[in-house]
Amino acid sequence: MADPARAPLVNLYPGVETLRALYEGPAGVTSVVDVRGNLQLRMDNYYVLGGDEAATNERRLGLLPLLLHPAPARVLFIGLATGITASAGPALGVADTTVVEIVPEVARAAREHFGTWNDELLARSDVRLVVDDGRRYLQANDRRFDVVVSDLFIPWHAGTGSLYAREMYEHRGAAARAGRALLPMAALYQLTREEFDVIVETFLAVFPHATLWRDDFYPNRPGRRTRRTCRARTRRPRTRRRAGRRSPDVGAGFDARGPRGLAMFYAGILRTVADDFAAAPVNTDDRPVIEFLAPRLTRMSGPGTRIGSSASRFAAFYDRSARARSRMSPRRSRAGSREAVEARRAGRSLFRYVLADAVGDQVAAARLQAEVRAMRASMRLRSQVEMRSPATGSLRRA
């Protein structure tokens, strides 16, 4: 019989993967694995927390919420992983960045092996690492933050469902200063439609004024985030000068450093399509729907069971949300409004382009590609005009 004591703690593909570091702790086995020259941070062999190959997307997860705020001075990231996402705080000049990570071995791996990609985040004097449970930290701490960013948490991990509970959102809201932003992330390739509906309905039960933003334009592994504000009426963040000066280029062929590039990642106002989620139950501590639903739905592998495998459904959602928005708030005559609408439309067209290309619809792909290129040229031309005219006003809501 095989001796379990001799079983390897990390399984590697011979000739493809090389173990760079191994950490054991009460939470499990944390490893750093080199996959053909790309470093990955893993937990218990099977779950990848992040890596340098996905650094652009991981960094964008931190940049988007901070660029949506007019002047973030104190921000909180729940979840560290590689530290690439949280590195957006110092990169944008945030004076006080707090990162909460529950697994100390993950923090050690981020410090020792991912400093090149997270800009030595944990060595900075303006960054504070807290090794604790994120929810417990929010309950026990009376500090207030301008932006609270919640990392990706897969719902089928035991206990993770509580991070999507109404009480958790209430704690996060209490930790955010009045008028400030809270942004939880959702990796849709890890969710079924039923789970997504529960999470959104729960979020809307606490924060009815929420918007949806995409992190990328991939049709097969879409990641999304929701944004709420503590005020019923919100203002367009003044991102022009700060975004253009400091943030790296995170656009898929577009300049996301400016307000138009940022607007391309906008997906819609959730309340305009709230009826889509109204039938879903609210996830609470005493009714943990996600906790009991996720293990069953995770085993479902039929076509269309994962939201990420049904990108066309989300393309339709984006279009429906845009139509609903135009009915709610007619476009103003201000140039900023027209440009914001154009950038959002470019984002929708770009997503539909990559979707058409992925399914082999070359006719639609060619048409959408030409449309996106024309929009890109128009956006660049207008950006050049604005660079010659510093008095141009900031991007406003359409």
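Small disclaimer: the values here were computed from a predicted structure and weren't measured.

Colleague: Is there a simple way to think about the pattern of salt bridges in this case?
Modeller: Between side chains of opposite charge, pairing is possible as soon as their charged atoms come close. Following the criterion strictly, the structure yields 10 salt bridges and no others. Between E17 and R42 there is a salt bridge, with its nearest N and O atoms 2.7 Å apart. Residue E17 is located in strand β1 (residues 17–25), and its partner R42 is located in strand β3 (residues 38–43); the two are separated by 25 residues in the primary sequence. The pair E17 / R42 is uniform in exposure class, with both members buried. Between E371 and R345 there is a salt bridge; the shortest N-O distance is 3.9 Å. On the criterion of sequence distance, the pair formed by E371 in helix α13 (residues 362–387) and R345 in helix α12 (residues 335–358) is long-range, its members being 26 residues apart. Note on E371: relative accessible area 26%, which makes it partly exposed. Linked by salt bridges that have partners in common, R74, D96 and R143 make up one network.

Colleague: I keep staring at the environment of G268 and nothing clicks. Help me out?
Modeller: Topologically, G268 is positioned in strand β12 (residues 266–269). In the structure, G268 is positioned 50 residues away from Y318 in sequence and 6.4 Å away in space, judged by C-alpha atoms. Sequence-distant contacts of G268, that is, excluding residues within four places in its chain, are made with T211, L212 and S321.

Colleague: Can you help me understand the nonpolar core in this one?
Modeller: Burial of nonpolar side chains together is a common tendency in soluble globular proteins. Among the nonpolar cores identified, the biggest contains 79 residues, and L66, L76, L270, F277 and F317 are the most heavily contacted of them. The element that contributes the greatest number of residues to this core is α12, accounting for 7 residues. Aside from chain neighbours lying at most four places away, what touches F317 is L212, L270, V273 and F277. Of all hydrophobic cores here, the second largest spans 10 residues; its members include A21, Y23, V32 and L41.

Colleague: Would you explain the confidence of the model for the chain in this entry?
Modeller: Parts of the model with low pLDDT should not have their predicted coordinates read in detail. Residue-level pLDDT values for the chain average 77, and 72% of them are 70 or greater. Across residues 328–336, where pLDDT falls below 50, the model places 11 contacts with residues more than four positions away in sequence or in other chains.

Colleague: Which parts of the structure should I look at to understand the pairing of strand β4 (residues 47–51)?
Modeller: Moving residue by residue along a regular strand, the side chains alternate between the two faces of the sheet. Relative to β4, β3 is paired through 4 bridges, and the arrangement is antiparallel. Its bridge partner lying in β4, R42 is registered against V48. Linkage of β3 to β4, two consecutive antiparallel strands, is achieved through a turn of 3 residues, within which D44 is found at a positive phi near 50 degrees.

Colleague: Mind showing me how you'd approach a nonpolar patch on the surface here?
Modeller: Side chains of L9, L12, L19 and L22 sit close together on the surface and give an oily, nonpolar patch of about 280 Å² of accessible area. The class for L22 is partly exposed, based on a relative accessible area of 36%.

Colleague: What am I meant to see in the sheet that holds β1 here?
Modeller: Each strand in a sheet pairs with its neighbour through backbone hydrogen bonds, running either in the same direction (parallel) or in the opposite one (antiparallel). One open sheet holds the 4 strands; their spatial order is β1-β2-β3-β4, and the pairing between them is antiparallel. The open sheet terminates on both sides in strands that have one partner only, identified here as β1 and β4. The average angle at which neighbouring strand axes cross in this sheet is 25 degrees, direction not considered. Packing of helix α3 (residues 104–113) onto the sheet brings it into contact with β1, β2 (28–35), β3 and β4, and relative to β1 it is tilted by some 140 degrees.

Colleague: So what exactly am I meant to see when it comes to the environment of L80 here?
Modeller: Note on placement: L80 falls in the loop between β5 (74–78) and α2 (88–91). Expressed as a C-alpha distance, the spacing of L80 and E101, which sit 21 residues apart in the sequence, is 5.4 Å. Residues in contact with L80, not counting those within four places in the same chain, are V99, V100, E101, A107, A110, L121, L122, L129 and D151.

Colleague: Is there a simple way to think about the side chain of D151 in this case?
Modeller: One can find D151 in the loop between β8 (145–150) and α6 (166–175). For D151, a relative accessible area of 12% gives the class buried. Setting aside anything within four residues of it in sequence, one finds D151 in contact with I78, G79, L80, A81 and M185.

Colleague: Looking at this model, I keep getting lost on the packing of aromatic side chains. Mind explaining?
Modeller: The geometry of two aromatic rings is summed up by the distance between their centres and the angle between their planes. Following the criterion strictly, the structure yields 5 aromatic pairs and no others. Look at F114 and W117: their rings are 6.2 Å apart centre to centre, the planes differ by 55 degrees, and that puts the pair in the tilted class. On the accessibility criterion, F114 (0% relative accessible area) is buried. The class of W117 is partly exposed, set by a relative accessible area of 24%. Measuring from ring centre to ring centre gives 6.0 Å for F196 and F277, while their planes differ by 70 degrees; the resulting arrangement is edge-to-face. Here F277 lies in the loop between β12 and α10 (289–298) and F196 lies in helix α7 (residues 193–206), a separation of 81 residues in the sequence. The class of F277 is buried, set by a relative accessible area of 2%.

Quick notes on the rules
Residues numbered from 1 in each chain as written. Predicted model: local features only at pLDDT ≥ 70, side-chain atom pairs only at ≥ 80, totals over all residues. Heavy atoms only, no water. Salt bridge = Lys/Arg side-chain N within 4 Å of Asp/Glu carboxyl O. Helix = DSSP H or I, 4+ residues; strand = E, 2+ residues; numbered from the N terminus. Buried < 20%, exposed > 50% of the residue type's maximum accessible area, 1.4 Å probe, protein only. Contact = heavy atoms within 4.5 Å. Core = buried A, V, L, I, M, F, W, Y, C linked by side-chain atoms within 4.5 Å. pLDDT = per-residue confidence, 0-100. Pairing = 2+ DSSP bridges. Patch = residues over 30% accessible without salt bridge, like charges linked within 9 Å, V, L, I, M, F, W, Y side chains within 5 Å. Areas by Shrake-Rupley, 256 points an atom, 1.4 Å probe, with all protein chains shown as cover. Axes fitted to C-alpha atoms, helices over the stretch in contact; angles between N-to-C directions. Phe/Tyr/Trp six-rings, centres within 6.5 Å; stacked < 30°, edge-to-face > 60°.

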